[in-house]
Amino acid sequence: MLYDLSIPWSPSTTTRDLENTITFSAALGYNVIALNHIIDGPLPSTITNPLPKLDAGASSTSSSSSSSSSARAPHPANPTTPRRPTILHRATLVYSDPAQNHRMPSLAAAYDLLAVRPTNERAFTSACLALADPALISLDLTARFDFHFRPKPCMAAVARGLRFEICYAHALRAGGGPEAARKRAPIWQILNPRAGNVQASRINYQQNAMNMMGKGCVFKQ
């Protein structure tokens, strides 16, 4: 089974763009995809899932159009049309304070899949050892971490059934503006502005990936 559990979504994403992405994913042979809603900041008291329910809408539209067209003249099924993948709803919580996770069960209940993206060592250790709701620990290895990924928490997370997701998009393209670039950049790049942000992200990714290797971790892209 082929799956992509990180299809970006934001409130500005149009239905047409999503449909194009889903069609392209189906053409590539994906069986399951997940629309990914990234949540950065404290969770609200009332948690709702804003992701569109594309499966039901698409099926009802296609069924109504097919029934009306079949009333005029029967058409044989097109065997070359790729089958629409199963669409899941995912939330990725940027996780920095383990003391403020009492609403995480409600967040997990509102989505099909929950991932946490720890930003510091305390949050990373909590995600590996204590959190029961997430299925994924999402790591942006193109960022600079002020801690090492120690073997015990990593192997404990794998033993508990969690999977690590490695994010490397920033290593493939530039973006985020000069301020974001400075936050991600090592000191040699700040002193040498001609060095590209993509190169810095790639170096961060290589260093972080080497730090994670050999610790019994299973990586899920």
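Looking at an unreviewed UniProt entry, one finds the protein chain named RNase P subunit p30, with Verticillium dahliae as its source organism. The UniProt entry for the protein chain carries this comment under Sequence similarities (unreviewed entry): "Belongs to the eukaryotic/archaeal RNase P protein component 3 family." Under the UniProt heading Subcellular location (unreviewed entry), the entry covering the protein chain gives this text: "Nucleus".

**Q** Just give me the short version of the pairing of strand E3 (residues 86-95), but keep the residues and values in it.
**A** Extensive coverage of E3 is indicated by the burial of eight of its 10 residues. Examined bridge by bridge, strand E2 (residues 32-40) and E3 share nine bridges and lie parallel to one another. Its bridge partner being in E3, Leu-35 is matched across the sheet by His-89. One ladder, built from six bridges, connects E3 with strand E4 (residues 113-118); its direction is parallel. Its bridge partner lying in E4, Ala-91 is registered against Leu-114. In this fold, E3 hands off to helix H3 (residues 104-110), which returns the chain to E4; that crossover is right-handed.

**Q** Tell me about the nonpolar core, and name the residues and values.
**A** Core analysis: the largest hydrophobic core is formed by 37 residues, its most contacted members being Leu-107, Phe-124, Ile-137, Phe-149 and Phe-164. Counting five residues, the second-largest nonpolar core is a separate cluster that includes Leu-5, Ala-34, Ala-115 and Leu-136.

**Q** Tell me about the confidence of the model for the protein chain, and please be specific about residues and values.
**A** Chain-level pLDDT for the protein chain is 75 on average; 63% of the residues reach the 70-or-more range. Confidence drops under pLDDT 50 across residues 174-195; counting only partners more than four residues distant or on other chains, this segment forms 22 contacts. Under a pLDDT of 50 for its full length, residues 213-221 has, in the predicted model, 25 contacts with residues more than four places off or in other chains.

**Q** I'd love a proper account of the state of the cysteines, names of residues and values included.
**A** Here the structure, examined in full by the defined rule, presents zero disulfides. In this structure Cys-128 is a free cysteine whose sulfur lies 5.4 Å from that of Cys-154, the closest cysteine sulfur available. The buried category is assigned to Cys-128, whose relative accessible area is 0%. According to the relative accessible area criterion, Cys-154 is buried, its value standing at 0%.

Each value, and the rule that gives it
Residues numbered from 1 in each chain as written. Predicted model: local features only at pLDDT ≥ 70, side-chain atom pairs only at ≥ 80, totals over all residues. Heavy atoms only, no water. UniProt positions renumbered as here; feature names shortened; annotations may be inferred. Buried < 20%, exposed > 50% of the residue type's maximum accessible area, 1.4 Å probe, protein only. Helix = DSSP H or I, 4+ residues; strand = E, 2+ residues; numbered from the N terminus. Pairing = 2+ DSSP bridges. Right-handed = clockwise from strand over helix to strand, strands pointing away. Core = buried A, V, L, I, M, F, W, Y, C linked by side-chain atoms within 4.5 Å. pLDDT = per-residue confidence, 0-100. Contact = heavy atoms within 4.5 Å. Disulfide = S-S within 2.5 Å.

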